[in-house]
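# Structural overview
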Amino acid sequence: MIEAIGLTSIPRKEQPPAVDNVSFEAHTGRVTALLGAPGAGKTTALRLMLELQRGRGITYFRGRPLHGIPHPAHEVGVLLGDVPGHPARSVRGHLRMLCAASGVPARRADEVLEAVGLVSLRDERLGTLSRGMDRRLGLACALLPDPHTLVLDDPARGLAVGERRWLYDMLREHAAQGGTVLCSTADPKEAARFADHVVTLDGGRVVADQRAADFARTRLRPRVVVRSPHAARLSVLLAQRARSTQRSVEVVREGGNRLCVYGSTCAEVGETAFRNGIVVHQLADELGDMGPGAGAGAETSTAQEPQPSSAAIDAQSGPDPEPGAAAALDSGPEPDFALPAPGPGPGPEPKFAPPAPDPSPEPEPAPPAPDLSPEPEAATPALDCGPEPEPSAPAAAAVPAPKAVPAASTTPEPPQEAPADDTPQAAPSQQPTTPRPTTVALPPPVLVRPAPTPLRPVRYEIRRAAGVATGYIVGACVLAVSALTAVLLARIGHTPQPRLLAAWPVELPLPPAALGAGLLGALAFGDEFRHPALAVDRGTVPRRLGLLTAKLFVASLTALALAVLTVGCTAEVLYLVYGSELVALPADWPALTAGWLALVTGCAWAGVLAAGVFRSTTAGLAAVVAVPLLVVPAVHKMTEGPSARGPVPFAGRLKDGLPPRWPFGGEQHLEALLRLLAQPVGGAMALSVLALLCAYAFTGLRSRVR
């Protein structure tokens, strides 16, 4: 279960907090709805629960706070807003990437796709999905690690009726299998329809915490909506009839020609209009929202004083009220809410009987909860134009009311006054807490979870980098630019062979291959912050050492492959254009190869670390370009100048090697490394990578402290 205690957000300046001391519970096996109007604090409360936002209070998920759970994704599935994925990534590729991050087998992606009905769209790009398909994908991402708890922020926003029904059926099925579901919504009728428990927020505070049946009875009152050009006269007649029958009926004038009648039925309202020759343009059953505070206590009593839109009419008062007033009699029980079906089927009789004393409804301890099943079937009773024995009946021709779909879709059920021998309904009315039979099926549970291994982040990074075409496009552009640059440099002449093979003009700070490797390294972390697939339940991209090591490793492999392919392509192009004289192997090729590979790898590492520190691809690439432009001159000035204790510069001493000799020739490799660092670009790159690594470690420690 979920237990939220004292959730309070940090206020901004002089404004009150968006969430103030919110506490509630969401039990296992139930669907809990967090209800509130826009701005009531639903999203803030969910973010405080998931520790995505700073504030006070704590939330326990099955007895443990989220930061105390080793693998939060295995415990809590989160859907906040749209799916944060790269728009060019395929649906199946996105789920397989998340499988690698969560440590579940890759086949889990296909199982979840089949459960949410996206098998036919598995090769579609995320940027081309519709709103409904995006919601299905978001639910698939939440269900991927097989979590016990689902936390969703208004998942049905913008969906059609069929998509909403499917989504809520999936949530109820998850709860029926022993899970916990917490879902926010702004529609009270939806909350009463799909939830077992409703927590109402208003102004950042909990104003009601009750079962769905109690919520539907106290806040969603059945009413009859009437539109007539003689609305004022009809309201007076309805009040008179209510007084004569000693029933509690409230008529609210909602402006224009619209009336809302509480405590009556379509049959009674239509009969009153028919008998008095009043034209009716609309006659339909509806559920009225009584406001956030209606569910805080017991049933809402009828008004005792006049209101701006309605006035109380006592049954014992003498004169009739003015037109447009509301009739509120003694607080008797309200009639059951029903939507009669048209035709000869079950429902009210098609013709009104001759005037006779209306039987008073039997008193009940509490009015029943309205039926809220989502089938959008609604019809109004036909007003037959048969003869009436009333004197005013011949002058009034009954006007059949047009069909109207109520604001909240409901399942028809026979009203209290329906004959007992009518054709029975297909299914009796159900309480909102009773789960309806559903055909949805959740993906199979994950029975065995593999143990965490160092290869898990590496698999994630490989699937992330290979899932989009950006890396392939950058590599192809680097090879094409390098080949063209090498041909032009060979034509101009006066370029050393090592720079010719690397396509590195003297005028450029870095060769195209190094810039491409730096860009790919910057994209490794830049795409994480731009499309935070890993930050759904964490608020930000995790700064774990394993993820950083995996990114550096994959970036190194990519940089090495790019460096080798660049030299190979330029050599092949030069051989085809100018012959074999420009591609001869130089004598010191081992040292040149090591320096070339180290340069490209260093640029890739600098891009990864800079993008991780500054959270931007542009900043990562700028750091790579800044190394030869800013850091190299500073390092060159520091190392080339004479020191205070000797005339030989520091760089010259590094080039001379080490004084002691190591056994087995180990000093040769160390001397080669020192000579590489003694070069201005090599030393500057090493210092830059070290500084960026320290900055990344500092930011990671600071985020953990927060």
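Each chain carries its own residue numbering, running from 1 in the direction its sequence is written. This being a predicted model, a pLDDT of at least 70 is required before a residue's local features are given, and a value of 80 or more before pairs of side-chain atoms are given or counted; all residues contribute to the totals for chains, interfaces and linings. To get the side-chain values, take all heavy atoms of the structure and skip hydrogens and water.

Here the focus is the overall build of the chain. Note on conventions: DSSP H or I runs of at least 4 residues are helices, E runs of at least 2 residues are strands, and numbering of each starts at the N terminus. When its secondary structure is counted, the chain shows 20 helices and 14 strands. Accessible area is worked out with a 1.4 Å probe on protein chains only. A residue is then buried under 20% of its type maximum, exposed over 50%, and partly exposed in between. Classification of the 706 residues of the chain by burial places 49% in the buried group. Throughout, a contact is declared for two residues whenever any of their heavy atoms are within 4.5 Å. For the chain, the proportion of contacts with a sequence separation of at least 24, taken over those separated by at least 6, is 76%. Of the roughly 33,600 Å² of accessible surface on the chain, a fraction of 60% belongs to carbon and sulfur atoms. Only the protein chains shown count as cover for residues, with accessible areas throughout obtained via the Shrake-Rupley method and a probe of 1.4 Å.

A word on the nonpolar core. Of all hydrophobic cores here, the largest spans 96 residues; its most connected members are Leu-95, Leu-137, Leu-139, Leu-171 and Phe-525. When residues in this core are grouped by element, the largest group, eleven residues, is from helix 16 (residues 589–614). If we skip the residues at most four places from it in the chain, Leu-139 touches Leu-79, Leu-152, Trp-166, Leu-167, Met-170 and Leu-171. Counting 24 residues, the second largest nonpolar core, distinct from the first, contains Ile-2, Val-19, Leu-52 and Leu-201. Side-chain atoms within 4.5 Å are what join buried Ala, Val, Leu, Ile, Met, Phe, Trp, Tyr and Cys residues into a set we call a nonpolar core.

All right, on to the sheet that holds strand 11 (residues 220–227) then. At least two DSSP bridges between two strands are needed for those strands to be called paired. Strand order in the open sheet made by the four strands is 12-13-11-14, with antiparallel pairing throughout. Since the sheet does not close on itself, it has two edges, and those belong to strand 12 (250–253) and strand 14 (282–289), each with one partner. Strand-to-strand twist in this sheet, taken as the mean axis angle between neighbours without regard to direction, amounts to 30°. By the bridge criterion, eight bridges tie strand 11 to strand 14 in an arrangement that is antiparallel. Residue pairing across strands places Pro-222 opposite Leu-287, the latter belonging to strand 14. Axis lines are fitted to C-alpha atoms, over the contacting stretch for helices. Their N-to-C directions set the angle, which ranges from 0 to 180 degrees. Strand contacts of helix 8 (residues 212–219): strand 11 and strand 14, with the helix running at about 40° to strand 11, the strand carrying the most contacts.

This next bit is on the packing of aromatic side chains. Pairing of aromatic rings covers Phe, Tyr and Trp, the last counted by its six-membered ring, and requires centre-to-centre distances within 6.5 Å; plane angles under 30 degrees mean stacked, over 60 mean edge-to-face, and any other angle means tilted. Scanning all chains against the criterion turns up three aromatic pairs. For the ring pair Tyr-168 and Phe-194, a centre distance of 4.0 Å and an interplane angle of 5° mean the geometry is stacked. Here Tyr-168 is found in helix 6 (residues 161–176), whereas its partner Phe-194 is found in helix 7 (residues 188–194), with 26 residues between them in sequence. Seen from their ring centres, Phe-525 and Tyr-696 are 5.8 Å apart, and the 40° between their planes marks the pair as tilted.

Another point: helix 14 (residues 512–530). Given the number of residues in a helix, its expected span is that number minus one, multiplied by 1.5 Å. The first and last C-alpha atoms of helix 14 sit 25 Å apart over 19 residues, in line with the 27 Å expected at 1.5 Å per residue. Bend at a residue means the angle formed by two fitted axes: the first through the 7 residues ending at that position, the second through the 7 residues beginning there. Of all the bends in helix 14, the largest measures some 30° and sits at Ala-524. Taking burial as the measure, the 19 residues of helix 14 include 16 buried ones, the bulk of the element.

A few words on the pattern of salt bridges. Counted as salt bridges are all cases of a side-chain nitrogen of Lys or Arg within 4 Å of a carboxyl oxygen of Asp or Glu. Per the counting criterion, the structure on display carries 24 salt bridges. As a salt-bridge pair, Glu-271 and Arg-275 come within 2.3 Å of each other at their nearest N and O atoms. Taken as a pair, Glu-271 and Arg-275 lie in helix 10 (residues 266–275) at a separation of four residues, close to a single helical turn. Of the two residues, Glu-271 and Arg-275, both sit in the buried class. Because the salt bridges share partners, they merge into one network encompassing Asp-82, Arg-131, Asp-134 and Arg-135.

Look at helix 5 (residues 131–143) against helix 6: their axes get within 10 Å of each other, and the N-to-C directions meet at 10°. Taken together, the axes of helix 5 and helix 6 lie roughly parallel to each other. Along its contact with helix 5, which presents Gly-132, Met-133, Arg-136, Leu-139 and Leu-143, the element helix 6 presents Glu-163, Trp-166, Leu-167, Met-170, Leu-171 and His-174. Should an angle lie under 35 degrees it is considered roughly parallel, over 145 roughly antiparallel, and from 65 to 115 roughly perpendicular; all remaining angles are considered oblique.

Before going further, it helps to spend a moment on the sheet that holds strand 4 (residues 55–61). With antiparallel pairing, four strands are arranged side by side in an open sheet as 2-1-4-5. Of all the strands in the sheet, just strand 2 (22–26) and strand 5 (64–65) have a single pairing partner and so form its edges. In this structure, strand 4 lies alongside strand 5, joined through two bridges in antiparallel fashion. Its bridge partner lying in strand 5, Tyr-60 is registered against Pro-65. Seen against the sheet, helix 1 (residues 42–49) touches strand 1 (2–9), strand 2 and strand 4 and runs at an angle of roughly 115° to strand 1.

Relative to the assigned elements, Asp-214 resides in helix 8. Taking C-alpha positions, Asp-214 is 9.3 Å from Ala-192, a pair spaced 22 residues apart along the chain. Looking at Asp-214, its side chain comes within polar contact range of the side chain of Arg-211, at 3.2 Å. A 3.5 Å cut-off defines polar contacts: any pair of N or O atoms within that distance qualifies, except that in protein one atom must be a possible hydrogen donor and the other a possible acceptor, and neighbouring residues in sequence count only when both atoms are side-chain atoms.

With that settled, the discussion passes to the side chain of Arg-172. Turning to its location among the elements, Arg-172 is positioned in helix 6. Classification of Arg-172 by relative accessible area gives buried; the value is 13%.

Detailed reading of the predicted coordinates is not advisable wherever pLDDT falls low. Each residue carries a pLDDT score, the predictor's own confidence in it, on a scale running from 0 to 100. Across the chain, pLDDT averages 76, with 71% of residues at or above 70. Predicted confidence is poor over residues 297–369, with pLDDT under 50, and the contacts of this stretch with residues over four places away or in other chains come to 159 contacts. The model gives residues 373–438 a pLDDT under 50, and that stretch makes 133 contacts with residues more than four places away or in other chains.

Here we take up the pairing of strand 13 (residues 258–262). Looking along a regular strand, one sees the side chains alternate between the two faces of the sheet. Along strand 13, five of the five residues are buried, which leaves the element largely enclosed by surrounding structure. Along strand 13, one buried face is formed by Arg-258, Cys-260 and Tyr-262 and the opposite face, lined by Leu-259 and Val-261, is buried too. Where strand 11 lies against strand 13, five bridges are found, and the strand directions are antiparallel. Paired with Arg-223 across the two strands is Tyr-262, which belongs to strand 13. In terms of strand pairing, strand 12 meets strand 13 through four bridges, oriented antiparallel. Looking across to strand 13, one finds that Val-251 is bridged to Val-261. The hairpin formed by strand 12 and strand 13 contains four residues between the paired strands, and Gly-255 there has a positive phi angle of roughly 85°.

This part covers the pairing of strand 6 (residues 76–80). Where burial is concerned, most of strand 6 is hidden: four out of the five residues are buried. As judged from the five bridges shared by strand 6 and strand 7 (residues 149–153), these two strands associate in the parallel manner. Following the sheet pairing, Val-76 is matched in strand 7 by Thr-149.

Glancing now at a nonpolar patch on the surface. Nonpolar side chains (Val, Leu, Ile, Met, Phe, Trp, Tyr) within 5 Å and like charges within 9 Å form the patches, drawn only from residues with over 30% relative accessible area and no salt bridge. On the surface, a cluster of nonpolar side chains totalling about 260 Å² of accessible area is made up of Phe-553, Leu-557 and Leu-560. Along the polypeptide, Leu-560 turns up in helix 15 (residues 545–578). Judged by relative accessible area, which is 32%, Leu-560 ranks as partly exposed.

Attention now moves to helix 3 (residues 91–102). Note: α-helices contain 3.6 residues per turn, so residues at a spacing of three or four share the same orientation. For helix 3, with twelve residues, the first-to-last C-alpha span of 17 Å sits near the 16 Å given by 1.5 Å per residue. When we look at burial in helix 3, the residues that qualify are Val-91, His-94, Leu-95, Met-97, Leu-98, Cys-99, Ala-100 and Ser-102. In this structure, the buried side of helix 3 is in contact with helix 2 (72–75), helix 4 (107–116), helix 5 and helix 11 (455–466). Gly-103, located one to two residues past helix 3, shows a positive phi value of around 80°.

Looking at where Glu-75 falls in the secondary structure, it is placed in helix 2. Of the polar contacts made by the side chain of Glu-75, one reaches the side chain of Arg-62; its length is 2.9 Å.

Our focus in this paragraph is the packing of helix 11 against helix 14. Working note: a packed helix pair is described by the angle between its axes plus the distance between those axes. Contact geometry for helix 11 and helix 14: axes closest at 11 Å, N-to-C directions at 90°. With respect to their mutual orientation, helix 11 and helix 14 come out roughly perpendicular. Facing Tyr-460, Glu-461 and Arg-464 of helix 11, the residues of helix 14 in contact are Leu-523, Ala-524, Asp-527 and Glu-528. Taken together, the residues of the contact of helix 11 with helix 14 break down into three nonpolar, no polar and four charged. Only Asp, Glu, Lys and Arg are considered charged in this grouping, and only Ala, Val, Leu, Ile, Met, Phe, Trp, Tyr, Cys and Pro are considered nonpolar; every other residue, Gly among them, is considered polar.

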